[in-house]
Amino acid sequence: MKITVVGSGAWGTALAISLCKNGHDVTLWARSAEKAEQMKKTRSNPRLPEIVLPDELDISADPVCVAGSKLVVIASPSHAIRQVCRKIAAHLDENAVMVSVTKGIEPGTLLRMSQVVEEETARPVV
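The paragraphs below set out a description of the structure included in this document. Note that the structure is predicted; figures quoted are calculated from it, not measured.

Comments concerning the environment of A67
Inference 1: With respect to the helices, strands and loops of the structure, A67 is situated in the loop between β3 (58-60) and β4 (71-74).
Inference 2: For A67, a relative accessible area of 32% corresponds to the partly exposed category.
Inference 3: Separated by 22 residues in the primary sequence, A67 and N45 place their C-alpha atoms 24 Å from one another.
Inference 4: In this view, A67 contacts K2, H91 and D93; residues no more than four positions away in its chain are not counted.

And the structure:
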């Protein structure tokens, strides 16, 4: 299954590695092109320095990378989730399943992260 993990911190990277090792076609999306290039080059994440990223794991900073994914895992930090979802929303497949693994409550709105994802992507979150 084609899966994109949105958020290349320690949590998103760990999930992407696990999904990749389970035989899925996984792309890890980073907000920064510099971070994506560095991770591609070194096959590591500075937040998980002892872990080698699988060769099969694709890494991108292009929001279009979510296109074609049957599953999109949102693992970006809570303070950035609304902005990140706005970047990827136009590229999501109509039937993509959205999963939020981000913890927290949005200041001001008091929405759960899954509610923010639903608002910004117009898709239900499981």
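Observations concerning the packing of helix α3 (residues 81-89) against helix α4 (residues 113-121)
Inference 1: Taken N-terminus to C-terminus, the directions of α3 and α4 make an angle of 30°; their axes are 9 Å apart at the nearest point. Considering only the axes of α3 and α4, their crossing is right-handed. Residues I81, R82, C85, R86 and A89 of α3 form the contact with α4, whose own contacting residues are M113, V116, V117, E119, E120 and T121.
Inference 2: Looking at the contact of α3 with α4, its residues break down into six nonpolar, one polar and four charged.

Observations concerning α3
The α-helix winds at 3.6 residues per turn, so residues separated by three or four positions along the chain end up facing the same way.
Inference 1: For α3, the set of buried residues is I81, R82, V84, C85, I88 and A89. One face of α3 carries all of its buried residues, which in axial projection span an arc of 160°.

Points about the nonpolar core
Inference 1: Membership of the largest hydrophobic core comes to 19 residues, with the highest contact counts inside it found for V6, V72, I74, I81, I88, M98 and V117.
Inference 2: When contributions to this core are tallied by element, the ones reaching two or more residues are β4, α3 and α4.
Inference 3: Ranked by the residues each element gives to this core, the list is headed by α3, at four residues.
Inference 4: Leaving out residues up to four positions away in the same chain, I74 has contacts with V6, I81, C85, I88, M98, V99, S100, V101, T102 and V117.
Inference 5: Ranked by size, the runner-up nonpolar core spans 16 residues in total, among them I17, V26, L28 and L71.

Some details on the pattern of salt bridges
Inference 1: If you walk through the whole model with that rule in mind, you get five salt bridges.
Inference 2: In this structure, the salt-bridge partner of R82 is E119, at a minimum N-O distance of 2.8 Å. One end of the pair, R82, is in helix α3; the other, E119, is in helix α4, and 37 residues separate them in sequence.
Inference 3: Here E120 makes a salt bridge to R86, at a shortest N to O gap of 3.0 Å. Within this pair, whereas E120 is found in helix α4, its partner R86 is found in helix α3, the two being separated by 34 residues in sequence.
Inference 4: Residue R86 is classed as exposed on the basis of its relative accessible area, which comes to 52%.
Inference 5: Each of the salt bridges in this network shares a partner with another, and the network as a whole consists of R82, R86, E106, E119 and E120.

What counts and what doesn't
- Residues numbered from 1 in each chain as written.
- Predicted model: local features only at pLDDT ≥ 70, side-chain atom pairs only at ≥ 80, totals over all residues.
- Heavy atoms only, no water.
- Helix = DSSP H or I, 4+ residues; strand = E, 2+ residues; numbered from the N terminus.
- Buried < 20%, exposed > 50% of the residue type's maximum accessible area, 1.4 Å probe, protein only.
- Contact = heavy atoms within 4.5 Å.
- Axes fitted to C-alpha atoms, helices over the stretch in contact; angles between N-to-C directions.
- Left-handed = near helix turned anticlockwise from the far one by under 90°.
- Nonpolar A, V, L, I, M, F, W, Y, C, P; charged D, E, K, R; others polar.
- Arc of directions from axis to C-beta.
- Core = buried A, V, L, I, M, F, W, Y, C linked by side-chain atoms within 4.5 Å.
- Salt bridge = Lys/Arg side-chain N within 4 Å of Asp/Glu carboxyl O.

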